[in-house]
Amino acid sequence: MSFPAWLASLLAAISLSTMLIPFASQADQSQTILVGLDADMSSGAAEGGESIRRGALVAIREINEQGGVLGRKMKLVVRDPRGNPARGKDNIMEFVGMPGLVAVLGGVHTPVALHELKAIHANKMIYLGPWAAGTPVVKNGFKPNFVFRVSVRDSYAGGFMSDHGLKAGYKKLGLLFERTGWGRSNERAIKDALGKRGLEPVGLEWFNWGVADLSKEIERLATKGAQAIILVANPREGGIAVKFMAARTESKRLPIISHWGISGGDFFDQNKSHLAKIDFAFLQTFSFLKPPLPERAAAFLDSFKKNFPEIKSATDVASPVGAAHAYDLLHLLAKAITVAGSTDRVAVRDALENIKDHAGLMKNYAPPFAEGRHDALDASNFIMAKFDEKGIIRPVSHESIFKTGSQ
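Draft legend 1. Spatial organisation of the packing of helix α3 (residues 46-65) against helix α13 (residues 320-340). Two elements in contact, α3 and α13, have axes separated by 7 Å at closest approach and are oriented at 35°. Between α3 and α13 lies a crossing of right-handed hand. Every residue of α13 that contacts α3 at Ser51, Ile52, Gly55, Ala56, Val58, Ala59, Ile60, Glu62 and Ile63 is listed here: Pro320, Gly322, Ala323, Ala326, Tyr327, Leu330, His331 and Ala334. Taken together, the residues of the contact of α3 with α13 sort by class into 12 nonpolar, 4 polar and 1 charged.

As structure tokens, then:
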């Protein structure tokens, strides 16, 4: 007797899901501290999601090898929203019902995180942000606030990207943003940053996810006098922008200063022929090639290799920012659980605000968080980077971001 095709596909999907995301037994759950991961693992930002997963696993292995937390082991449970806010909310509700689950580690997409905020706070679920940069993810109006972030905050990133454009000689900046909460967060940040300098963008063009052509938007910004473009996009749409910028006459190609969303997927591999034709720099926080704390970065890389033998060198680590941020967040969570002496989410939330210091991979946190301040990083932790000819992300100074200088 043969199975219907749809049933065979369903059984295969269930089998794969079980293999990739093993559940602990009820007995294990009473002893194991679970951390959920709600990140894109299969669509446009899957590389970023995998980086976050790996950074978390490296931290969890270190914690468990040192005896765990409160004498209990930690374990990561993965769910994939595939960039869809509704699926993300469903994942949060599933995590809420898991015995022993103390916190959720988020993913790349700001729109997903924003859609989850009500469910997070209604259920007093701790949310740890290792990537999504939208300012309202943390500045969300909820009291008490259950969201803690080790990542970029757009209100800081706007000034940082604007400053690098200005320092490179470009005073007329055009904005090309995705039409999402993340894009709107950056609109406010960059307009505020430029306004403090008596400037304003020459134009702002919006686009939707799934767009296939950005030539008209780029042309309108160029017509308005843009000398460079600040781009806020994920890998797919960022690739469309790069493709149509590269297609312009060489003398009309504008430099692009990009937010880091493009680095969460296979952006370089899909666009390397186009990137070779334009000046393209983007925001980052962590690089093994110029780490904020070299000795700790070397130790982290050693642990990374131990967990993932296919990694032979620092340049093999894709989207390193996600791994670095997740690693620090998991160690901060373990410290908060220890301070609280409990896995009660409210107690751990309060403890996260009261950790005095932590020697992290990104910085010496002193303290990492406080009441009213749940972003652990600021613009002093940001860097600009470019892809080299092999796709390796290399930090650059503002003097070397662009080949052409001011126009």
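The structure having been displayed, the exposition proceeds.
Draft legend 2. Molecular detail of the sheet that holds strand β5 (residues 147-149). Pairing is parallel across the open sheet formed by 5 strands, whose spatial order is β2-β1-β3-β4-β5. Both outer strands of the open sheet, β2 (74-79) and β5, are each paired with one neighbouring strand and no more. Pairwise comparison of adjacent strand axes, ignoring direction, gives a mean angle of 25° for this sheet. Of the strand pairs in this sheet, strand β4 (residues 126-129) and β5 are connected by 3 bridges, and their pairing is parallel. Bridge assignment links Tyr127 to a residue of β5, and that residue is Val147. Contacting β1 (33-38), β2 and β3 (101-105), helix α4 (residues 85-96) runs over the sheet at an angle of about 175° to β1. Along the sheet, α13 makes contact with β1, β2, β3, β4 and β5, crossing β3 at roughly 155°.

Draft legend 3. Just helix α12 (residues 294-307), in detail. Taking 1.5 Å as the rise per residue, α12 with 14 residues should run 20 Å; its terminal C-alpha atoms sit 20 Å apart, in good agreement. Of the positions making up α12, those classed as buried are Ala297, Phe300, Leu301, Ser303 and Phe304. Looking straight down α12, one finds its buried side chains confined to an arc of 165°; they lie on one side. Of the residues in α12, the exposed ones pointing more than 90 degrees away from the buried face are Glu295 and Lys306. Contact partners of the buried residues in α12: α3 and α13.

Draft legend 4. Looking closely at the sheet that holds strand β8 (residues 228-232). Taken together, 7 strands build an open sheet; the order of strands is β7-β6-β8-β9-β10-β13-β14 and the sheet is mixed. In this open sheet, the two edge strands, each paired with only one partner strand, are β7 (203-207) and β14 (393-396). Strand-to-strand twist across the sheet, computed as the mean angle between neighbouring axes with direction ignored, equals 30°. Pairing of strand β6 (residues 173-178) with β7 involves 5 bridges; the strand directions are parallel. Its bridge partner lying in β7, Gly174 is registered against Gly203. Helix α9 (residues 215-223) contacts β6, β7 and β8 of the sheet and is inclined by roughly 175° relative to β7.

Draft legend 5. Structural view of helix α10 (residues 235-246). Between its first and last C-alpha atoms α10 spans 16 Å; for 12 residues at 1.5 Å apiece the expected length is 16 Å, and the two agree. Where burial is concerned, most of α10 is hidden: 10 out of the 12 residues are buried.

Draft legend 6. How the structure looks around the packing of aromatic side chains. According to the stated counting rule, one finds 14 aromatic pairs in the structure shown. With a centroid separation of 5.7 Å and 75° between ring planes, the pair formed by Phe300 and Phe304 is classed as edge-to-face. With Phe300 and Phe304 both in helix α12, this residue pair falls 4 residues apart, about one helical turn. Overall, Phe300 belongs to the buried group, its relative accessible area being 1%. In this structure an aromatic cluster arises from ring pairing among Phe286, Phe288, Phe300, Phe304, Phe308 and Tyr327. Above the face of the Phe308 ring, Arg54 is positioned so that its terminal group lies 4.3 Å from the ring centre. Note that Arg153 overlies the ring of Tyr156, its terminal NZ or CZ placed 5.5 Å from the centroid.

Criteria and thresholds
- Each chain carries its own residue numbering, running from 1 in the written order of its sequence.
- Two thresholds apply to this predicted model, a pLDDT of at least 70 for residue-level local features and 80 or more for giving and counting side-chain atom pairs, whereas whole-chain, interface and lining totals are computed over all residues.
- Calculation of side-chain values draws on the structure's entire complement of heavy atoms; hydrogens and water are dropped beforehand.
- To obtain each axis, a line is fitted to C-alpha atoms, and for helices this fit is confined to the stretch in contact; angles are then taken between N-to-C directions over 0 to 180 degrees.
- Numbered from the N terminus, helices here are DSSP runs of H or I no shorter than four residues, and strands are runs of E no shorter than two.
- Each crossing gets its handedness from the near helix: less than a right angle anticlockwise from the far helix is left-handed, clockwise is right-handed.
- Contacts are assigned to residue pairs that have any heavy atoms within 4.5 Å of one another.
- Think of it as three bins: nonpolar holds Ala, Val, Leu, Ile, Met, Phe, Trp, Tyr, Cys and Pro, charged holds Asp, Glu, Lys and Arg, and polar takes everything else, Gly as well.
- Whether two strands pair comes down to DSSP finding at least two bridges between them.
- The length a helix should cover is 1.5 Å for every residue beyond the first.
- A simple rule labels every residue: compare its accessible area, found with a 1.4 Å probe on the protein chains alone, to the largest value its type can have, and call it buried under 20%, exposed over 50%, or partly exposed in between.
- By definition, the arc is the one covered by directions from the helix axis to the C-beta atoms.
- Side-chain rings of Phe, Tyr and Trp, where Trp is taken by its six-membered ring, are said to pair if the distance between their centres is within 6.5 Å; with planes under 30 degrees apart they count as stacked, over 60 as edge-to-face, and otherwise as tilted.
- Any Lys NZ or Arg CZ that is within 6 Å of a ring centre and within 35 degrees of that ring's normal is treated as a charge sitting over the ring.

Everything listed is a geometric property; what it means functionally is a separate question.
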